[in-house]
Amino acid sequence: MSWIPERQAFVRMVPVLYCPFLCTTWMFCMNRSAAFRRLLVFPVLCLLLSACSDAGVGAGFGLRERKASAYAKCRSAMELSVRGGFERYTGWMKDADVGPTGSEAAPRGPGWSSNDVEYDCGNAVTEALELQPAATFDAPARQYHQALLALQTVAEPADRYFRREEFRRDGGAGMRRQHAALMQAYATYFAANEVLDDALHQHDLASRAELLAGMEGYGGRSTDYYALRFVGEGSDLVRSLRGPTPDLVAARNQLQQYQTLLQQAQSNGIGKDVPAWRLLELSADTLVSEAWHRVERLEKGQPIVEQEPAVLLPGMQPKVFASAGSLSRLNDAYADLAAASGRLR
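I will try to describe carefully the structure that is included in this document. Along each chain, the written sequence defines residue order, and numbers are assigned to residues from 1. Totals for whole chains, interfaces and linings use every residue, but because this is a predicted model, local features are given only for residues with pLDDT of at least 70 and side-chain atom pairs only at 80 or more, for both listing and counting. Excluding hydrogens and water, the side-chain values take into account all heavy atoms of the structure.

**Focus: the overall build of the protein chain**
Strands here are runs of E lasting at least two residues and helices are runs of H or I lasting at least four, both read from the DSSP assignment and numbered beginning at the N terminus. Along the backbone of the protein chain there are 13 helices and 0 strands. Each helix and strand of the protein chain, placed in order from N terminus to C terminus, yields the pattern α-α-α-α-α-α-α-α-α-α-α-α-α. Between buried and exposed lies partly exposed: a residue is buried under 20% and exposed over 50% of the maximum accessible area for its type, with that area taken using a 1.4 Å probe on protein chains only. Looking at the protein chain as a whole, 53% of its 345 residues are labelled buried. Throughout, a contact is declared for two residues whenever any of their heavy atoms are within 4.5 Å. Look at the contacts in the protein chain between residues 6 or more apart in sequence, and 80% of them connect residues 24 or more apart. Carbon together with sulfur atoms contributes 53% to the accessible area of the protein chain, which is approximately 15,700 Å² in total. Accessible areas in this description were obtained via Shrake-Rupley with a 1.4 Å probe; residue shielding takes into account the shown protein chains only.

Listed below in structure tokens is the structure:
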């Protein structure tokens, strides 16, 4: 069994309906940091705030969206630090399954920060879990939170061990002793992360359908309506192309439907009086181009070079740059699309 998780970005699509200031802040972070852009910390749909209110559909989101936003904020923020820490910890080992031998030149810990867990998850997740009535995604969120805290109990002392460089004085006995428990905690966390991701995605689909129906019923297929579809269905497209062996027939059909959506909006003159709309169209076109590169390369069996390392922490530069059709370029294109949607208002 390999301990290395699949190198793929997890695309979240959770409408943020409560705080325009925080939306602006998250968008600023996405624009400034490649790490945030690649991870997609809340693809922001702030342009829909007034449309949701005017259409009378905001109340339908209420409690469910408070819960979903709390869970997604926690998960999205921790995704960066946990995956980055995992690569940092396992990157210097010859074989992560075997673990450290004690003869490695530069051992490194996972770089764990309990402050990040408390700030990004903490009371917000606990309070969301207590809100009634319960949501269908509460159980996966609870399991995720428990897995995260369990990982913290072993990752934090392990990181302090490496920071003190105790391996230099004990012949590496401490890192060999802690390795199995740490890797098992990572495996449990990554599994819970997948389950929560799927649960929140299903919620996203239902919420988006409800919101779109309300918007169309109130104001027709407006600029906001198409913007939500561009971003939401763009997220679905990226999800369909994750992993080394996606369903290419389904992905090709989804990609053709997405192109039809873009052409429909253009034919209907959507956004012609909105200055920032052209940027949204350009970003969507780039996403389509990157998606086609991935589909065609996978169909032909052509090699795809992924960025190395897969997760860039702030200030880091990649050692290997990604090729066309790579997940990192695909997700960068989606990040640009999400950012462009935030400029519509």
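**With respect to the packing of helix α7 (residues 138–163) against helix α9 (residues 173–219)**
The interhelical angle for the contact between α7 and α9, taken along N-to-C directions, is 155°, at an axis separation of 8 Å. As the angle between them shows, α7 and α9 are arranged roughly antiparallel. As α7 runs across α9, the sense of the crossing is left-handed. Charged residues are taken to be Asp, Glu, Lys and Arg, nonpolar residues to be Ala, Val, Leu, Ile, Met, Phe, Trp, Tyr, Cys and Pro, and polar residues to be all remaining types, Gly included. Broken down by class, the residue content of the contact of α7 with α9 amounts to 24 nonpolar, 5 polar and no charged. Think of each axis as a best-fit line through the C-alpha atoms, taken over the contacting stretch in the case of a helix, with angles from 0 to 180 degrees between the N-to-C directions. Relative orientations are named as follows: roughly parallel for angles under 35 degrees, roughly antiparallel for angles over 145 degrees, roughly perpendicular for angles from 65 to 115 degrees, and oblique for any other angle. Should the near helix be turned counterclockwise from the far one by less than a right angle, the crossing is left-handed, whereas a clockwise turn marks it as right-handed.

**Quick look at the nonpolar core**
Within the largest apolar cluster, 41 residues are counted, with the highest numbers of intra-cluster contacts made by Met-78, Val-82, Leu-148 and Leu-151. When contributions to this core are tallied by element, the ones reaching two or more residues are α4 (62–90), α6 (122–130), α7 and α9. With 11 residues, the top contributor of residues to this core is α9. The contacts of Leu-148, once residues within four sequence positions are left out, are Cys-74, Met-78, Val-82, Trp-112, Val-117, Cys-121 and Tyr-189. One finds Leu-237, Ala-251, Ala-333 and Tyr-334 within the second-largest nonpolar core, a separate group that totals 34 residues. The criterion is simple. A nonpolar core is a set of buried Ala, Val, Leu, Ile, Met, Phe, Trp, Tyr and Cys residues joined through side-chain atoms within 4.5 Å.

**What about helix α13 (residues 327–342)?**
The span one expects for a helix is its residue count, reduced by one, times 1.5 Å. Compared with an ideal rise of 1.5 Å per residue, which puts 16 residues at 22 Å, α13 spans 23 Å between its outermost C-alpha atoms and is within 8% of the ideal. Most of α13 is tucked away: 13 of the 16 residues are buried.

**Remarks on α6**
All of the buried residues along α6 are Gly-122, Val-125, Ala-128 and Leu-129. On an axial view of α6, the arc spanned by its buried residues comes to 160°, and they lie on one face. Opposite the packed face of α6, turned more than 90 degrees from it, sit the exposed residues Asn-123 and Glu-130. Tucked into the core, α6 has its buried residues touching α4, α5 (114–120) and α7. Arc definition: it is the arc formed by the directions from the helix axis to the C-beta atoms.

**What to know about unusual backbone geometry**
Trans peptide bonds make up the majority, and among non-glycine residues the majority have a negative phi. In this chain, Gln-132 is followed by Pro-133 through a cis amide linkage whose omega measures 5°. Its place among the elements puts Pro-133 in the loop between α6 and α7. Positive phi, normally seen in glycine, also occurs at Glu-165, with a value near 55°. Mapping Glu-165 onto the fold places it in the loop between α7 and α8 (167–170). On the basis of relative accessible area, Glu-165 is assigned to the partly exposed category, the value being 34%.

**Describing the environment of Ser-323**
Topologically, Ser-323 is positioned in the loop between α12 (277–300) and α13. Taking the C-alpha atoms as reference, Ser-323 lies 6.1 Å from Ile-304; in sequence the two are 19 residues apart. Ignoring anything within four residues of it in the chain, the contact list for Ser-323 reads Arg-297, Ile-304, Val-305 and Arg-329.

**What about the state of the cysteines?**
Disulfides are defined as pairs of cysteine sulfur atoms found within 2.5 Å of each other. For the structure shown, the criterion picks out 1 disulfide. Between the sulfur of Cys-74 and that of Cys-121 lies a disulfide, 2.0 Å long from S to S. The S-S bond linking Cys-74 to Cys-121 shows a torsion near 85°; that makes this disulfide right-handed. Residue Cys-74 is found in helix α4, and its partner Cys-121 is found in the loop between α5 and α6; the two are separated by 47 residues along the sequence. Cys-121 matches Cys-74 in its accessibility class, with the two residues each being buried.

**A short note on the packing of helix α10 (residues 223–240) against helix α11 (residues 248–267)**
Interhelical geometry of α10 versus α11 gives an angle of 165° and a closest axis separation of 10 Å. It follows from the interaxial angle that α10 and α11 lie roughly antiparallel. In this structure, the crossing between α10 and α11 has a hand that is left-handed. Judged by residue contacts, Tyr-226, Arg-229, Phe-230, Glu-233, Gly-234, Asp-236, Leu-237 and Ser-240 of α10 engage Ala-251, Gln-254, Leu-255, Tyr-258, Leu-261, Leu-262, Gln-264 and Ala-265 from α11. Of the residues belonging to the contact of α10 with α11, the class tally is 9 nonpolar, 4 polar and 3 charged.

**Some words on the environment of Tyr-89**
On the secondary structure map, Tyr-89 appears in helix α4. Along the sequence, Tyr-89 and Pro-107 sit 18 residues apart, while their C-alpha atoms lie 7.7 Å from each other. Polar contacts, as used here, are pairs of N or O atoms within 3.5 Å; protein pairs need one atom able to donate a hydrogen and one able to accept it. Residues neighboring in sequence count only if both atoms are side-chain atoms. Only 2.8 Å separates the side chain of Tyr-89 from the side chain of His-179, close enough to count as a polar contact.

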